[in-house]
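Fold and contact review
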Amino acid sequence: MTSTPSTTRPFRVADLGTLVVLAWSGEAPDGSDMPYLLAYSLGDAEGGPRATAAAIEALLENNGLPVGGDLVDGTARPSLPVTLLVEAGQAVLTLAPLNAQCPAPPEWLAAVGERGYAYLVFTTRPWPEAEPGRPVTPEALKEFGGAEETLTAAAHVVLPARRLRG
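A short tour of the structure in this document, coming up. (Residues numbered from 1 in each chain as written. Predicted model: local features only at pLDDT ≥ 70, side-chain atom pairs only at ≥ 80, totals over all residues. Heavy atoms only, no water.)

1. Some words on the packing of aromatic side chains
Cut-off, in case you're wondering: Between 30 and 60 degrees the pair is tilted, below 30 it is stacked and above 60 it is edge-to-face, where a pair is any two Phe, Tyr or Trp rings, Trp via its six-membered ring, whose centres lie within 6.5 Å. Secondary structure elements are defined from DSSP: runs of H or I of at least 4 residues count as helices, runs of E of at least 2 residues count as strands, and each element is numbered from the N terminus. Residue exposure (1.4 Å probe, protein chains only): buried if accessible area is under 20% of the type maximum, exposed if over 50%, otherwise partly exposed.
Counted according to the given criterion, the structure contains five aromatic pairs. On the basis of an interplanar angle of 55° and a centroid distance of 5.1 Å, the ring pair of Tyr40 and Trp127 is categorised as tilted. Of the two residues, Tyr40 sits in strand S2 (residues 33-41) while Trp127 sits in the loop between strand S7 (117-123) and helix H3 (138-145), which places them 87 residues apart along the sequence. Residue classification places Tyr40 among the buried positions, given a relative accessible area of 1%. Of the residues examined, Trp127 reaches a relative accessible area of 7% and is grouped as buried. Between the aromatic rings of Trp127 and Phe144, the centroid separation amounts to 4.2 Å while the plane-to-plane angle is 5°, which identifies the pairing as stacked. Highlighted residues: Trp127 in the loop between S7 and H3 and Phe144 in helix H3, separated in sequence by 17 residues.

Laid out in structure tokens, this is it:
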């Protein structure tokens, strides 16, 4: 009897496809604004949406973020290898081995300044219609970002916001 050796394919950043991060704020149950970040891929890697989803899942798991699992409270885990830097109107998300940044609207900056953290939803579900540089309507964001398929295919993280000291 012969068996095929199982090999683990090394992680390649290119397998993520085009990675996009959106910042917005919305009313939280406590009545004040919550700063949110939504990270997703367009699903345009060489292997298509399935390969992209698998690569994002590997990226998240390699950084201690379970997909579809419990909320990870980064404010209580200073050793979490995922960080959020807020500087010059930008939100910069770092997960080894990559950095992703996005412009942050003034209301998001105010909310993150008040709370000191943001809520990250990093989904493995591709969103090919939401291309970088094209405005996303609030309705489209709610439809995709609030969809059960998006939320259950995501890691959910509360990330402390850090700033450069100068």
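2. A look at the pairing of S7
Formally: DSSP calls a pair of strands paired once it identifies at least 2 bridges connecting them.
Taking burial as the measure, the seven residues of S7 include five buried ones, the bulk of the element. For S2 and S7, the ladder comprises four bridges, and the chain directions are parallel. Within S7, the position partnered with Ala39 by the bridge is Phe122. Note that S7 and strand S8 (residues 154-162) share seven bridges and pair antiparallel. Each residue of the ladder has a partner; that of Leu120, found in S8, is Val157.

3. Description of a negative patch on the surface
In plain terms, the rule: Patches draw on residues past 30% relative accessible area with no salt bridge. Two like charges within 9 Å are joined, as are two nonpolar side chains (Val, Leu, Ile, Met, Phe, Trp, Tyr) within 5 Å. Here the Shrake-Rupley method, with its probe set to 1.4 Å, supplies the accessible areas, and only the displayed protein chains count as covering residues. The rule for a salt bridge is simple: a side-chain nitrogen of Lys or Arg has to be within 4 Å of a carboxyl oxygen of Asp or Glu. Neither His nor the chain ends is counted toward charge; the positive residues are Lys and Arg and the negative residues Asp and Glu. By convention, charge coordinates are those of NZ in Lys, CZ in Arg, CG in Asp, or CD in Glu.
A grouping of Glu27, Asp33, Glu107 and Glu114 is seen on the molecular surface, where their side chains present a negatively charged patch. Here Asp33 is to be found in strand S2. A relative accessible area of 35% places Asp33 in the partly exposed class.

Geometry only, nothing functional implied.
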